[in-house]
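Residues per chain, in single letters:
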Amino acid sequence: MEPKFDTNVQELKYKVLKEVARSYWNGTLTIDYNEIPKKIVPGPKPTMRCCIYKERAIVLERMKLALGGNKDNKNVVEVINIACDECPLGGYEVTNRCRGCIAHRCEKACRLHAISFDEKTRQARIDKTKCVNCGMCAKACQYDAIANFLRPCEQACKVKAISMGEDYAAKIDDEKCVQCGACVYQCPFGAIMDKSYITNAIDILKDSDNHPVFAIVAPSISSQFKYATLGQVVTAIKKLGFQDVIEAALGADMVAYHEAKELSEKGFLCTSCCPTFVTFVEKYFPKFKDNISHQLSPMATIAKWIREEHEDARVMFIGPCVSKKAETQLDKVKKYVDVTLTFEELQALIDSRDIDMTVLEESPLDNASYFGRIFARAGGVKDAIVEALKEQGSNFELKPINFDGLENVRMGLNQVSRGQLDVNFVEGMGCVGGCIGGPCCLTHELRDKNDVDKYGKLAKEKTIEQAIEIFSPIK
């Protein structure tokens, strides 16, 4: 069996989720609440921290997040303060490139007088009690001897929502945060984690005799669970208690078809499929807010269809995304989607029931077209819109562009805003590569857009209209 995760942090997160899920299934979580940390860190020697007691204390904090975290904090991403103590303070530092020159441009550039010089070496020094990390000294240095050392979480955050708090732990500015989850994956100590609603999912599955439970799987699942076939993964999901597994890609087909019509009517449109992109536009490019498609995301669209077909159904989404958890809390979405799980949580849920996917028979997953399935990769929405307009016989002159990764999104929208790009359709993806680069993928090393395209080409329905007509007649 191939390794399931990229890093030890993911492995630790998975172990906690699995043990919490196992205990919750068995109804013994209240008894095991203090025992689970001992299972994860058996001792007597610590494996990653200074002592087993601190390791267990951190595991306990992970358990709290596995149980939904701080209910008063609406952000689905939280910092585990006790785990965030190994990173250097960061900020601007003088490196050994400093030549101790007599020009002292760095000193002159600092308005707060934070620069001084060693009497023996003549090298510059920065007084951290005065420095505000403005960077003026670094700009002034002709030797590039002053560098800005950011923590990994700060480097990962492209909206500068992470700073250092008074206790030197990471601090998230919720007003800036777009809940993309990049910091969750990039933190080397696992000190930042997304809240889990895995116990909510178990509650729903335990009640599956009274309410049919449907799983909606993101098309990026085709690049995950490499040690089993997709058909075996579908069977494993059903063994958890789900009545059926439906592709979010079918919702993508629906969205592409209706979004193409909306584009033809309005003349300019930004996609609505990625909640990180939508939140980013709303917070940082509000001038384009009214240009965001009025269509629900593929997840919400197919969930709405399921609810219309089965009034008493419960619906869960499974994908690689942290921000989908935030989207599920929106009023316009939560009436259709009960819980969002990540691929990491799905793996923990399956293993908590001791289900070996590699020995299972395969179940089919045949809901969507090629074009709905390629929503998982960058450029997929754009390609689907091209196809939808073609199938509709539209004469609309499409001028599409796609941006993936928030840095590229920011640069691209700046260019669109200034009129430097002649476009009328903007596909935006918060993660690099699209959904296959989501922070809660089991592995990022094996991601490949070709996997998505291969998966798409296996679709029985060859056009968007064919996929939609079977499940939801076009109106």
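Below is a short write-up of the structure. It should be emphasised that the depicted structure is a prediction, and the values quoted were computed from it without experimental measurement. (Residues numbered from 1 in each chain as written. Predicted model: local features only at pLDDT ≥ 70, side-chain atom pairs only at ≥ 80, totals over all residues. Heavy atoms only, no water.)

In the structure shown here, the tally under the stated rule is 24 salt bridges. A salt bridge links K304 to E308, with the shortest nitrogen-to-oxygen separation between them at 2.7 Å. Linking K304 with E308, this pair stays in helix α13 (residues 298-309), spanning four residues, or about one helical turn. Overlapping salt bridges, with partners in common, bring together K13, D194, K325, E344 and E345 in one network. (Salt bridge = Lys/Arg side-chain N within 4 Å of Asp/Glu carboxyl O. Helix = DSSP H or I, 4+ residues; strand = E, 2+ residues; numbered from the N terminus.)

Among the secondary structure elements, D351 is positioned in helix α16 (residues 343-352). The contacts of D351, once residues within four sequence positions are left out, are K4, Y14, K18 and R22. (Contact = heavy atoms within 4.5 Å.)

This part is about the packing of helix α11 (residues 248-266) against helix α18 (residues 380-391). Close contact between α11 and α18 brings their axes to 8 Å; oriented N to C, the two are set at 75°. Classed by the angle they form, the pair α11 and α18 counts as roughly perpendicular. Contacts from A256, Y257, E259, A260, L263 and S264 in α11 reach V381, A384, I385, A388 and L389 in α18. In terms of residue class, the contact of α11 with α18 is made up of nine nonpolar, one polar and one charged. (Axes fitted to C-alpha atoms, helices over the stretch in contact; angles between N-to-C directions. Parallel < 35°, antiparallel > 145°, perpendicular 65-115°, else oblique. Nonpolar A, V, L, I, M, F, W, Y, C, P; charged D, E, K, R; others polar.)

With that settled, consider the sheet that holds strand β12 (residues 314-319). Sheet strands associate in pairs through backbone hydrogen bonding, adopting either a parallel or an antiparallel arrangement. Strand order in the open sheet formed by four strands is β10-β9-β12-β13, and the pairing between neighbours is parallel. Looking along the sheet, the strands with just one partner apiece sit at the ends: β10 (244-247) and β13 (339-342). Pairs of neighbouring strands in the sheet enclose a mean axial angle of 25°, with direction left out of account. Sheet analysis places strand β9 (residues 213-217) next to β12, joined by five bridges and oriented parallel. (Pairing = 2+ DSSP bridges.)

Purely spatial values, then, with no claim about function.
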